[in-house]
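# Fold and contact review
Each chain, letter by letter, is given below.
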Amino acid sequence: MTSGDQHGWSTLPSHQLWLDTESSRLLGFGTVLEHPDGGAVWLDDRGNPDLGHPALTYVTARMAHIHFLASLQGHPGSRRKADRVFDGLLTTLRDSTNGGWFESSADASSPDAEKTAYTHAFVVLAAAAATAAGHPRGRYLLGEALDVVDTRFWDDNYGMCADTWNADWTELDDYRGINANMHMVEALFAAVDAGAPTIWRDRAVRICDNVIGWAQENHHRIPEHFTAKWIPQLEFNADDTANQFKPYGATVGHGFEWARLLVQASLVTTSAQGHDYVESAKSLYHRAAQDGWQPGPTPGFVYTTDWTGKPVVTGRLHWVLCEAIGAAATLARHTGEDRYESDYRAWWDVAAEYFLDRVDGSRHHELDPRNVPAATVWSGKPDLYHAVQATWISRYAPSSSMLAALRADSR
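Residues numbered from 1 in each chain as written. Predicted model: local features only at pLDDT ≥ 70, side-chain atom pairs only at ≥ 80, totals over all residues. Heavy atoms only, no water.

### So, the pattern of salt bridges
Using the criterion set out here, one finds 20 salt bridges in the structure. The residue Glu 144 makes a salt bridge to Arg 94 at a minimum N-O spacing of 2.9 Å. Of this pair, Glu 144 sits in helix H5 (residues 138-153) while Arg 94 sits in the loop between helix H3 (78-90) and strand S1 (114-116); the two residues are 50 residues apart in sequence, bridging distant segments of the chain. Owing to a relative accessible area of 17%, Glu 144 belongs among the buried residues under this scheme. Across the pair Asp 95 and Lys 115 runs a salt bridge whose closest N-O atoms are separated by 2.6 Å. With Asp 95 in the loop between H3 and S1 and Lys 115 in strand S1, this pair connects stretches of sequence that are 20 residues apart. In terms of burial, Asp 95 and Lys 115 fall into one category: buried. Here the salt bridges do not stand alone but share partners, grouping Glu 22, Arg 25 and Arg 363 into one network. (Salt bridge = Lys/Arg side-chain N within 4 Å of Asp/Glu carboxyl O. Helix = DSSP H or I, 4+ residues; strand = E, 2+ residues; numbered from the N terminus. Buried < 20%, exposed > 50% of the residue type's maximum accessible area, 1.4 Å probe, protein only.)

### Considering the packing of helix H7 (residues 199-216) against helix H9 (residues 277-292)
Following both chains from N to C, one finds H7 and H9 inclined at 50°, their axes separated by 11 Å at the closest point. Viewed along their axes, H7 and H9 adopt a mutual orientation that is oblique. In this structure, H7 crosses over H9, and the sense of that crossing is left-handed. Judged by residue contacts, Val 205, Cys 208, Asp 209, Ile 212, Ala 215 and Gln 216 of H7 engage Tyr 277, Ser 280 and Leu 284 from H9. (Axes fitted to C-alpha atoms, helices over the stretch in contact; angles between N-to-C directions. Parallel < 35°, antiparallel > 145°, perpendicular 65-115°, else oblique. Left-handed = near helix turned anticlockwise from the far one by under 90°. Contact = heavy atoms within 4.5 Å.)

### Things to note about H3
Its 13 residues place the ends of H3 19 Å apart at the C-alpha level, agreeing with the 18 Å of an ideal helix rising 1.5 Å per residue. Looking only at H3, the buried set comprises Ser 78, Ala 82, Val 85, Phe 86, Gly 88, Leu 89 and Leu 90. On its buried side, H3 packs onto helix H1 (13-27), helix H2 (57-72), helix H4 (117-132) and H5. (Expected span 1.5 Å × (residues − 1).)

In structure tokens:
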């Protein structure tokens, strides 16, 4: 490796122990996880419930996903936590009248309620984990969630998922987005690994191929926002650059996240359009690293850049660094190339020095450009999805999903 070592960190028992210890520390965060209305509560900076937020379906699903997988790894207490929050997906957050899932526990009585592909992707992910963990309703919910994706979101003409409906499925918004489709790819790979039909993997591959094409046309910066006919809208939200889910410009963390997903795809399938998934992953990774990394005395990744690579939102979000670590770990193991191992070590160093909150627990979800805790884009520490997965992706050999990685490790 570049450091002169014969082996990467991932092969060192001491590093694996550090990763296991860190994941256990994270999994213990939160005094109470269940919202009084059902589902998962929003956690504040100290892990206490913030009831100023309703139970959000995507947070509920992500916390259920994490704790179901933790239970499969032998973490005592995680199964009970997973079961409790997962119950919200079966009850309060589920629309028993019109089908699908509300965005939050407050939406059942709201005339302006919406239903999004982003949220439904995480319901699929949680249901896949529940199925793998043996929850008695896991497979049922997985089938129901995939049926909703099939009938409401999947557009076979474009090989992509639509984005946002109103609550009774009578009005489909013209906006189309990459973020929801990215998480749908992750969820569909997990669903197939949990026993769903392989057509869902084929659909995930179509999404991957489309994204590679758009990225190649745009210097490997992925357009995030589109019209109903999937025409890129590069100036979308130019006046709302720090939007939590639809920011202007190129989202650095998504370049890394897609890089990891493409390597995962390469392990179980081939591109229908003839793309080399690993080479495409490298291109996305290198662009995100070149554009997003800010060296110096307070190093870190910016949130977004413009279409020339110039930083736009310079705050540092924890999930961006988590996805950079995950992509570096995946490419280091898969390719054996020194560059990824070097990045992996450097970026865990930054996480350990600045993002790990050893006083109040979990990770600081946002830092300013001086690496001081901030709350411009995010407040509190609502869930553990990115942080815990970074430790697991670093720990296990690359596979199509975390479910498959855990299954392979247990053999």
